[in-house]
Amino acid sequence: MSFCVAIDGPAAAGKGTVSKAVARHFGFPHLDTGLLYRATGAKTFEGLSPLEAAQSLTTADLERDDLRSGDAGQAASRVAAIPDVRSALVDFQQAFARRIGGAVLDGRDIGTVICPDAEVKLYITASDEVRARRRHAELVAKGENVTEAEVLADLRERDERDSARSAAPLKPRRGCHGDRYLGNVDRRSRGQGHRIG
Ligand code: DC
């Protein structure tokens with residue numbers, strides 16, 4: 001039997017932390033779908049078109065160590081606005097969502113497009129400032145030289161693009177039927193791969 005837990009929300013809201021905890025608790029595998037877009041964006045740095053990058057994506061691409069950088073985040077948000085790129089990544093995500101035994105997926109469109117009939121849907125958000133503070137600390141720990149103000153501007157730019165695009169935009173779902181809204185989480189503590197595209 002499959003059982004999909006869909007977790008959506010803006011950048012750095014804490015989706016990853018919640019998803020991993022839910023996955024660990026229930027023994028479900030977890031897919032951070034942002035990594036698919038980050039890996040696609042990162043492959044465009046090497047000269048591939050966004051669609052070529054998405055269509056040639058492998059699980060090995062998801063293990064690149066530059067995927068958490070600010071540049072990869074911006075590139076991800078840009079390629080994620082292209083409908084053909086999103087389409088190339090749908091089958092992999094839907095197959096993961098309907099694995100026998102259950103699955104947790106986090107992203108922007110999991111409960112709306114990838115798995116609209118998910119058994120559990122969560123929408124997680126936090127204030128811009130708290131999200132920027134968390135992401136800044138993560139980036140500094142990885143050795144990036146960036147200010148909190150720059151991270152805040154970057155998050156706001158990505159949120160705007162991710163919400164305004166016509167293809168599978170991020171939509172806050174406060175109070176929607178069947179959804180849980182976990183806002184505001186400001187004060188909560190905190191080889192050859194398989195082809196994807
Ligand atoms: O969750 P993240 O910050 O790693 O996501 C990086 C970008 O990928 C984000 O700005 C928007 C895009 N994305 C998306 O469009 N749909 C998803 N399901 C996941 C991420």
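Presented here is a report on the structure given in the accompanying data block.

Parameters and conventions
Residues numbered from 1 in each chain as written. Predicted model: local features only at pLDDT ≥ 70, side-chain atom pairs only at ≥ 80, totals over all residues. Heavy atoms only, no water. Salt bridge = Lys/Arg side-chain N within 4 Å of Asp/Glu carboxyl O. Helix = DSSP H or I, 4+ residues; strand = E, 2+ residues; numbered from the N terminus. Buried < 20%, exposed > 50% of the residue type's maximum accessible area, 1.4 Å probe, protein only. Near = heavy atom within 4 Å. Polar contact = N/O pair within 3.5 Å; in protein donor to acceptor, adjacent residues only side chain to side chain. Nonpolar A, V, L, I, M, F, W, Y, C, P; charged D, E, K, R; others polar. Expected span 1.5 Å × (residues − 1). Contact = heavy atoms within 4.5 Å. Phe/Tyr/Trp six-rings, centres within 6.5 Å; stacked < 30°, edge-to-face > 60°. Lys NZ or Arg CZ within 6 Å of the ring centre and 35° of its normal. Bend = angle between axes of the 7 residues up to and from the residue. Core = buried A, V, L, I, M, F, W, Y, C linked by side-chain atoms within 4.5 Å.

1. Digging into the pattern of salt bridges
- Counted by the stated rule, this structure contains 16 salt bridges.
- Salt-bridge contacts for Lys 43 lead to Asp 61; the nearest nitrogen and oxygen are separated by 2.9 Å. Of this pair, Lys 43 sits in helix 2 (residues 34-44) while Asp 61 is found in the loop between helix 3 (50-55) and helix 4 (70-79), placing the two residues 18 residues apart along the sequence. Asp 61 shares its class with Lys 43; the two are buried.
- Connected through shared salt-bridge partners, Asp 128, Glu 129, Arg 131, Arg 156 and Asp 159 make up one network.

2. Description of the site of the ligand
- By nearness alone, 15 residues border the ligand, and Arg 38, Arg 86, Arg 158, Asp 162 and Arg 165 come closest of all.
- For the ligand, an oxygen atom lies 2.7 Å from a polar atom in the side chain of Arg 38.
- Here an oxygen atom of the ligand and a side-chain polar atom of Arg 86 are 2.8 Å apart.
- At three residues, the largest contribution of residues to the shell around the ligand is made by helix 2.
- The residue makeup of the shell around the ligand, split by class, is three nonpolar, four polar and eight charged.

3. Thoughts on helix 7 (residues 128-141)
- The terminal C-alpha atoms of helix 7 lie 20 Å apart, and with 14 residues this matches the ideal 20 Å at 1.5 Å per residue to within 8%.
- Taken together, the buried positions of helix 7 are occupied by Val 130, Arg 131, Ala 132, Arg 134, Arg 135, His 136 and Leu 139.
- Summarising the contacts, the buried residues of helix 7 are in contact with helix 2, helix 4 and helix 8 (148-164).
- Positioned one or two residues after helix 7, Gly 143 has a phi angle of 95°, which is positive.

4. Topic: the packing of aromatic side chains
- With the rule as written, the count across this model stands at two aromatic pairs.
- Where Phe 3 meets Phe 28, the ring centres are 6.1 Å apart and the plane angle is 45°; that geometry is what we call tilted. Here Phe 3 is found in the segment before strand 1 (4-8), whereas its partner Phe 28 is found in the loop between helix 1 (15-26) and strand 2 (30-32), with 25 residues between them in sequence.
- On the accessibility criterion, Phe 3 (29% relative accessible area) is partly exposed.
- The rings of Phe 3, Phe 26 and Phe 28 are connected pair by pair, giving a single aromatic cluster.
- Of note, Arg 99 hangs over the ring of Phe 96, and the distance from its end group to the ring centre comes to 4.7 Å.

5. Some remarks on helix 5 (residues 83-97)
- If you check helix 5, its first and last C-alpha atoms are 20 Å apart, about what 15 residues at 1.5 Å a residue would give, namely 21 Å.
- At Val 90, helix 5 shows its largest kink, close to 35°.

6. What about the nonpolar core?
- Of all hydrophobic cores here, the largest spans 28 residues; its most connected members are Leu 36, Tyr 37, Leu 89 and Leu 105.
- Looking at this core, the elements that each hand over two or more residues are strand 1, helix 2, helix 4, helix 5, strand 3 (103-107) and helix 6 (110-114).
- With seven residues, the top contributor of residues to this core is helix 5.
- For Leu 105, the residues in contact, after removing those within four places along its chain, are Cys 4, Val 5, Ala 6, Ile 7, Leu 31, Thr 33, Gln 93, Phe 96, Ala 97, Ile 110 and Ile 114.
- Listed in part, the nine residues of the second largest apolar core include Ile 7, Val 22, Ala 23 and Phe 28.

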